[in-house]
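Chain by chain, the residues:
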Amino acid sequence: MTSTLLLVLAVFAACTVEAVEALTIVLAAGVTRGWRSTIEGAAAALLVLAALVAAFGPALIRYVPISVLRLVVGGLLLSLGLQWLRKALLRASGLKAKHDEDAIYRREVARLSGLPRPAGGRDATGFVISFKGVFLEGMEVVLIVLSLGLSSGRLGYAVAAAAAAVVVVTAVGLMVARQLAEVPENAMKLGVGLMLVSFGTFWSGEGAGIRWPLADGAILGLIATYAVVAFVAVRFLQRGRVVAPPSPEPA
Amino acid sequence: MTVAAALRAFGRFWWDFLIGDTPELAGGTLVVIVIAWAIAHGPGALVVCFPAAVVVLLAASLWRGRRG
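Residues numbered from 1 in each chain as written. Chains lettered and ligands numbered in written order. Predicted model: local features only at pLDDT ≥ 70, side-chain atom pairs only at ≥ 80, totals over all residues.

*Asks:* Help me understand the overall build of chain A in this model?
*Replies:* Counting secondary structure elements, chain A contains eight helices and zero strands. For chain A, the succession of helices and strands along the chain, N to C, is α-α-α-α-α-α-α-α. For 251 residues, the compact-globule formula gives about 18 Å, and the C-alpha radius of gyration of chain A, at 19 Å, lands near that figure. Projecting the C-alpha coordinates of chain A onto the three principal axes gives extents of approximately 65 × 50 × 25 Å. When each of the 251 residues of chain A is scored for burial, the buried share is 49%. Contacts spanning at least 24 positions in sequence make up 89% of the contacts within chain A whose residues lie at least 6 apart. (Helix = DSSP H or I, 4+ residues; strand = E, 2+ residues; numbered from the N terminus. Rg over C-alpha atoms; globule rule 2.2 N^0.38 Å. Buried ≥ 20, exposed ≤ 12 C-beta atoms within 10 Å, placed from the backbone. Contact = placed C-beta atoms within 7 Å.)

*Asks:* What am I meant to see in the environment of Ala52 of chain B here?
*Replies:* Residues and elements named next belong to chain B. Among the structural elements, Ala52 can be located in helix 3 (residues 49-67). Overall, Ala52 belongs to the partly exposed group, with 15 C-beta atoms counted inside 10 Å. C-alpha of Ala52 to C-alpha of Val32: the two residues are 20 residues apart in sequence and 9.5 Å apart in space.

*Asks:* Explain the nonpolar core to me, please; I cannot follow it from the model alone.
*Replies:* Nonpolar side chains in soluble globular proteins generally cluster together in the buried interior. Residue and element names in this part refer to chain A. Ranked by size, the top nonpolar core spans 89 residues in total, and within it Ala10, Val11, Cys15, Leu85, Val145 and Leu196 carry the most contacts. By residue number, the principal contributor to this core is helix 1 (residues 2-33), which donates 17 residues. Aside from chain neighbours lying at most four places away, what touches Val145 is Val11, Val53, Ala158, Val159 and Ala162. (Core = buried A, V, L, I, M, F, W, Y, C linked by C-beta atoms within 7 Å.)

*Asks:* It is not clear to me how the interface of chain A and chain B should be interpreted in this structure. Could you clarify?
*Replies:* Interface size, as often reported, equals the accessible area lost upon joining of the parts. In this assembly, 25 residues from chain A lie in contact with 23 residues from chain B. The greatest single-element share of the side of chain A that touches chain B, amounting to 10 residues, is contributed by helix 3 (residues 66-92) of chain A. Per-class residue counts for the side of chain A that touches chain B are 16 nonpolar, eight polar and one charged. (Nonpolar A, V, L, I, M, F, W, Y, C, P; charged D, E, K, R; others polar.)

*Asks:* Teacher, can you tell me more about the packing of helix 3 of chain A against helix 8 (residues 218-238) of chain A here?
*Replies:* When two helices pack together, their arrangement is given by the angle between their axes and by how far apart the axes lie. All names here are of chain A. With their axes 9 Å apart at the nearest point, helix 3 and helix 8 run at an angle of 45° to one another. By the angle between their directions, the pair helix 3 and helix 8 is classed as oblique. Crossing of helix 3 against helix 8: the hand is right-handed. Residues Leu85, Leu89 and Ala92 of helix 3 form the contact with helix 8, whose own contacting residues are Ala230, Ala233, Val234 and Leu237. By residue class, the composition of the contact of helix 3 with helix 8 is seven nonpolar, no polar and no charged. (Axes fitted to C-alpha atoms, helices over the stretch in contact; angles between N-to-C directions. Parallel < 35°, antiparallel > 145°, perpendicular 65-115°, else oblique. Left-handed = near helix turned anticlockwise from the far one by under 90°.)

*Asks:* Please clarify how the environment of Ile33 of chain B should be interpreted in this entry.
*Replies:* Turning to its location among the elements, Ile33 of chain B is positioned in helix 2 (residues 23-40). Sequence-wise, Ile33 of chain B and Phe50 of chain B are 17 residues apart; in three dimensions their C-alpha atoms are separated by 8.1 Å. Not counting the four nearest positions on each side in its chain, Ile33 of chain B is found in contact with Leu71, Gly75, Ser204 and Ala208 of chain A.

Next comes the structure, spelled out in structure tokens:
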């Protein structure tokens, strides 16, 4: 029960972070290139991502032994989680510039406004920009959904959590009619990184043959241990740092 | 776009996605999984060495990030 809740939280938070980033690109494309092609591009990307999960999820469950699956996807989770955690810790300690959605939005609007537009009908640029933005941000979510869902045997929960995050971010984005710069993205990224590294450690360990004390309860112990390490790391890294200005670089 | 260019772009996408600017994390993950396999065949108390190896890997990567 606890591990299911943690899994849902991890997927929801990871998908929220990526959806906020995708929304920034979609809004910039919609404002500058028109909404029809932009929405079509975003919808097409979501369909492709859903098809990837539908194609690979059940096939992997059916044809790959669970211990191999846990070892491989656990390793993938561990590697992805360490990347997220490293970036979030460097940002939290001021050694790396924080992700600035406002700056990204302004840059994209300026870039897309300068491109020629067709006289009428569909706008290929708007479609492609929107498709790429949603697809590239969504691929990371697909990997997280597949790896967390498959290794725990709860793919349905992982898919539902990801879909819920997309719906929530889209609804809030439409309501406020702008990019969601106020979302505490780095804090969420740090939390997701901690959970991905913990799940990755747990599942790759199980796949390698480790029998964890407390079974699934060990995940909580791993999260707590890595959280303490993260706290100490930020304190250590903050010593003698130079605070970096916000950056429009992709996450 | 030729098939070769498409394959190169596909490979570049996955390289950036999985390895990017932190090759030490991708390579280090393989090393710690080998450590996990060794631990699994040793005494049960050694289980703590696995998360400890992950912490060492993260610390080494953060140290590199701090300098670079």
